[in-house]
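The residues making up each chain are set out below.
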Amino acid sequence: MSLKEICNGLRCWFDKFRGAPNPRQMDSERRPEDTYTSPTKKETTRSTENYSASTTSNNALTMALLGNTGNGVSATGNSILKMPAFESKRSSGSVTSTSEMKDAVVDGKLVKVIDTPGLFNFLLRADFVVKEIVKCIESAKDGIHAVVVVLSVRSPYSKEEVTAIQGLKILFGDKISDYLIFVFTGGDELEDDQTLDDYLEDECPQPLKEFLKSYRDRTVLFDNKTKNDEKKDNQVKQFLSIVDTVVAKNGGKPYKNEFFVQLHERTDKTYEERLKEVRDKVASKLKQTISKLQQQLAEEKSDPELARETKALRMKLKDCAIL
Ligand SMILES: Nc1nc2c(ncn2[C@@H]2O[C@H](COP(=O)(O)OP(=O)(O)OP(=O)(O)O)[C@@H](O)[C@H]2O)c(=O)[nH]1
Ligand SMILES: [Mg+2]
C-alpha cells in the first residue's frame, strides 16, 4: 500500500468519524457509503455504550433487508440497529423510496443494515429495480454477510414472495441461498401461546411453508412493536446468532458476485465507467431472470394467483425492453 493510499484511508476515516462526507474525493470515485449520515446525539451515545474493543470496520457485518412493501422491512432494520434509523410507518403506498445503509454497534458488533424499498413487488418498474440493486451493490463494498428476507405473518402473498426469492437466486446465482435469513414480522399478532413453529405449521400459506422447510433454522420471529426491552434484546440476539451461524458456514466470506467485484475493484476505468457497466449487466441479468420466471409461472397458469403474477411479470418484461 502506498503512502498516498494510507493517507487517503486515514482522511476518509477521519472525515467519516466527524460525520462529514469526504470533500477531497473525486466525484468519479465517490461512493454512497461516503455520504455518511451523522448520528443524532442519542444514537451516538447508544452506539458508544455497546462498543466492544474487538469491533473494527474489518469485522463489520453487512446485511441487506428485502421484502414486500409494508412487511416491516424498515421496522426490522430499526429493531436490529436498536435505533430509529429508517422511516417506518403505516401507509397505503411505499414509505421507503430508495435503498439506504445505516450502521450501529449492536451487542459489540458493527452492524451495517441496507434498507430497501419493497423490491419483491412485481409491479415495480424494472429500471427502478435495477437502480436499487446497483445502489445496494455500491453500498456493500465488502460484500454482504446476510440477505435478510422480511416476511410478515399478516401477508397473504406468499407465492409472490417465493417467486421473488427464486428470482433472487436466478439473478445472483444459487450461492445466494447460503446467505438467506428469514424474519417474520408481526410477532405481536400471533395468539398468546402461539410460537413461530405453530405459525409455520398451521397458518403459513402453503407455498411459503413448503419453501421454508429447508430454512427453518434460519427463520426468526420479530415483534417490531414491542416496548419490552428484554423481548427487544432477545429477538435481536437470536437474529444475530443466526447471522453468526450463516457467517461461520460461509467461512467468514461475505457474498460477492461479479457485479460487486467489477464495481469495487480498481482498474484503469473510472468509478462512473464501472458503475455504468455494472448497471448494464444487472439490467440484462434482470431481463433474463424475469423471462425465466415468466416461463416457470406460465407452466403453472391454472392457479389464479399465479396467473396474476404472470401478467405482472409480462408487464415488467415490457419495461425491460426500454432499459
Ligand atoms: N403489529 C406490528 N406491526 C408492524 C411490525 N413491523 C412493522 N409493523 C408496522 O407495519 C407498517 C409498515 O412498516 P414499515 O417498516 O414501514 O414497512 P416497510 O416494509 O419498510 O414498507 P415500505 O418502506 O413502504 O416498503 C408500520 O405501521 C409498522 O409499524 C410488527 O412486528 N408488528
Ligand atoms: Mg421501508
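Residues numbered from 1 in each chain as written. Chains lettered and ligands numbered in written order. Predicted model: local features only at pLDDT ≥ 70, side-chain atom pairs only at ≥ 80, totals over all residues. Heavy atoms only, no water.

Where an unreviewed UniProt entry is consulted, the protein chain appears under the name AIG1-type G domain-containing protein, with the organism given as Nelumbo nucifera.

What to know about the packing of aromatic side chains
Selection criterion: Between rings of Phe, Tyr and Trp, where Trp is taken as its six-membered ring, a pair exists when centres lie within 6.5 Å; planes separated by under 30 degrees are stacked, by over 60 edge-to-face, and by other angles tilted. Going along the chain from the N terminus, every DSSP run of H or I of four or more residues is numbered as a helix, and every run of E of two or more is numbered as a strand. For each residue, the accessible area found with a 1.4 Å probe, counting protein chains only, is set against the maximum for its type, and the residue is called buried under 20%, exposed over 50%, and partly exposed in between.
One pass over the structure, following the stated rule, counts 9 aromatic pairs. With 6.0 Å between their ring centres and 80 degrees between their planes, F182 and F211 make a pair best called edge-to-face. Of the two residues, F182 is situated in strand 5 (residues 180-185) and F211 in helix 7 (residues 206-212); the sequence distance between them amounts to 29 residues. When the centroid spacing of 5.3 Å and the interplanar angle of 65 degrees are considered together, the rings of F184 and Y199 count as edge-to-face. A residue pair is termed long-range when its members are at least 10 positions apart, and F184 in strand 5 and Y199 in helix 6 (residues 196-203) qualify at 15 residues. Taking relative accessible area as the criterion, Y199 reaches 2% and is therefore assigned buried.

What about the site of ligand 1?
For clarity, the threshold we go by: Nearness is judged by heavy atoms alone; a residue qualifies as near a molecule or strand once a single heavy atom is within 4 Å of it. Pairs of N or O atoms within 3.5 Å make up the polar contacts considered here, provided that, within protein, one atom can donate a hydrogen while the other can accept it, and that residues adjacent in sequence are counted only when both atoms are side-chain atoms. Methods summary: accessible areas were calculated by the Shrake-Rupley approach with a probe of 1.4 Å, and residue burial reflects only the protein chains presented. Each residue gets one of three labels, nonpolar for Ala, Val, Leu, Ile, Met, Phe, Trp, Tyr, Cys and Pro, charged for Asp, Glu, Lys and Arg, and polar for the others, Gly among them.
Around ligand 1 there are 25 residues in total, and S88, V95, T96, D188 and K225 lie nearest to it. In the environment of ligand 1, an oxygen atom lies 2.9 Å from a nitrogen or oxygen atom belonging to the backbone of A75. At a separation of 3.0 Å, an oxygen atom of ligand 1 approaches a polar backbone atom of R90. Protein contact buries 93% of the 650 Å² of open area that ligand 1 shows by itself. In terms of residue count, the dominant contributor to the shell around ligand 1 is helix 3 (residues 73-81) (3 residues). Here the shell around ligand 1 is composed, by residue class, of 4 nonpolar, 14 polar and 7 charged.

Some words on the packing of helix 4 (residues 126-139) against helix 10 (residues 271-298)
Cut-off, in case you're wondering: Axis definition: a line fitted to C-alpha atoms, over the contacting stretch in the case of helices. Angles run 0 to 180 degrees between N-to-C directions. Throughout, the term roughly parallel applies to angles under 35 degrees, roughly antiparallel to angles over 145, roughly perpendicular to angles from 65 to 115, and oblique to all others. Crossing handedness is defined as follows: a turn of the near helix away from the far one that is anticlockwise and smaller than a right angle gives a left-handed crossing, while the clockwise case is right-handed. Pairs of residues are marked as contacts when any of their non-hydrogen atoms sit within 4.5 Å.
The contact between helix 4 and helix 10 brings their axes to 9 Å, and the two run at 130 degrees. Considering the angle they form, helix 4 stands oblique to helix 10. Here helix 4 and helix 10 pass one another in a crossing that is right-handed. Touching A126, V129, V130, I133, V134, I137 and E138 of helix 4 are Y271, L275, R279, V282, A283 and L286, all from helix 10. Of the residues contributing to the contact of helix 4 with helix 10, the split by class is 11 nonpolar, no polar and 2 charged.

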